[in-house]
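The lines below spell out each chain.
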Amino acid sequence: MEYQNNNVIPRIGDLAPDFKAMTTTGPMQFSEHIKGSWTILFSHPADFTPVCTTEMTGFALDQKFFDEKNTKLVGLSIDSIHSHIAWVNNVKKNSGILFEFPIIADIDMKVSKMYGMLQPGESETAAVRAVFFIDPKGKIKLIMYYPLNVGRNMDEIKRSLIALQTADQHKVSLPLNWKEGDKVIVSPPKTVAEMLEREASDYEMVDFYLAKRDL
């Protein structure tokens, strides 16, 4: 079923809006394409622009990392499929790097409006640098927005993905600046008995409500 746009930007916890689109790898029904995997849907302002080229190249260079994390990449900009293909070809010729992930040709702005990627304070015709992390059930887990003139941080995108997958798999919370291998936070006790049990555990106890452990 097609998503009915009611001018509400999707929120964390919402099902990712579904759509049909043409991409550089062929037609896509988004819900079918992402089923059973993590997905990062990201927009860029325009083809053949310097910051966007560095970002898309960064995603391409880390394709193996995302594959290993069962994560699909889907790019988007408000350009035609012909512009996308020409840009992919241009980057490959100049750098040897191929954008293997699909890039949505959102020339009618349908998907950009659906996901709140068009923000008039920045531009009414170019998508901002949005990043949507979507879990295997199709739920939005994290949203990032960057302005047109500031490139994304790939290390943070990768860290966030690992953090989301870790929290989801182990049902834990993660502290400030957490990175893979660090201790995680266990849920606070809900009864006095749980509190006393925690005091006798081998957790790293900051206080009864803040305890950390290794995975």
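In this text, all values refer to a predicted model and were calculated from it rather than measured experimentally.

Caption draft 1: A look at the layout of surface pockets. Each pocket or cavity is described by its volume, and for the largest pocket that value is around 160 Å³. Taken together, Leu15, Ala16, Asp18, Phe30, Ser31, Ile34, Lys35, Gly36, Pro136, Lys137 and Gly138 make up the lining of the largest pocket. Considering only residue class, the lining of the largest pocket consists of five nonpolar, three polar and three charged.

Caption draft 2: Structural context of the pattern of salt bridges. Counted by the stated rule, this structure contains eight salt bridges. Measuring nitrogen to oxygen at the nearest pair gives 2.8 Å for the salt bridge that ties Arg152 to Glu55. With a gap of 97 residues between them, Arg152 in the loop between β7 (140-146) and α6 (154-170) and Glu55 in helix α2 (residues 50-61) connect regions that are remote in the sequence. Pair check on accessibility: Arg152 and Glu55 agree, each one buried. Note that Glu204 is salt-bridged to Lys183, the shortest N-O span being 2.9 Å. Taken as a pair, Glu204 in strand β9 (residues 204-207) and Lys183 in the loop between α6 and β8 (184-185) lie far apart in primary sequence, 21 residues in all.

Reading the values: the criteria
Residues numbered from 1 in each chain as written. Predicted model: local features only at pLDDT ≥ 70, side-chain atom pairs only at ≥ 80, totals over all residues. Heavy atoms only, no water. 1 Å grid on protein atoms, 1.4 Å probe; cavity = no way out; pocket = protein on both sides within 12 Å on 5 of 7 lines; lining within 4 Å. Points joined across faces, edges and corners; volume = space filled by probe spheres on them. Nonpolar A, V, L, I, M, F, W, Y, C, P; charged D, E, K, R; others polar. Salt bridge = Lys/Arg side-chain N within 4 Å of Asp/Glu carboxyl O. Helix = DSSP H or I, 4+ residues; strand = E, 2+ residues; numbered from the N terminus. Buried < 20%, exposed > 50% of the residue type's maximum accessible area, 1.4 Å probe, protein only.

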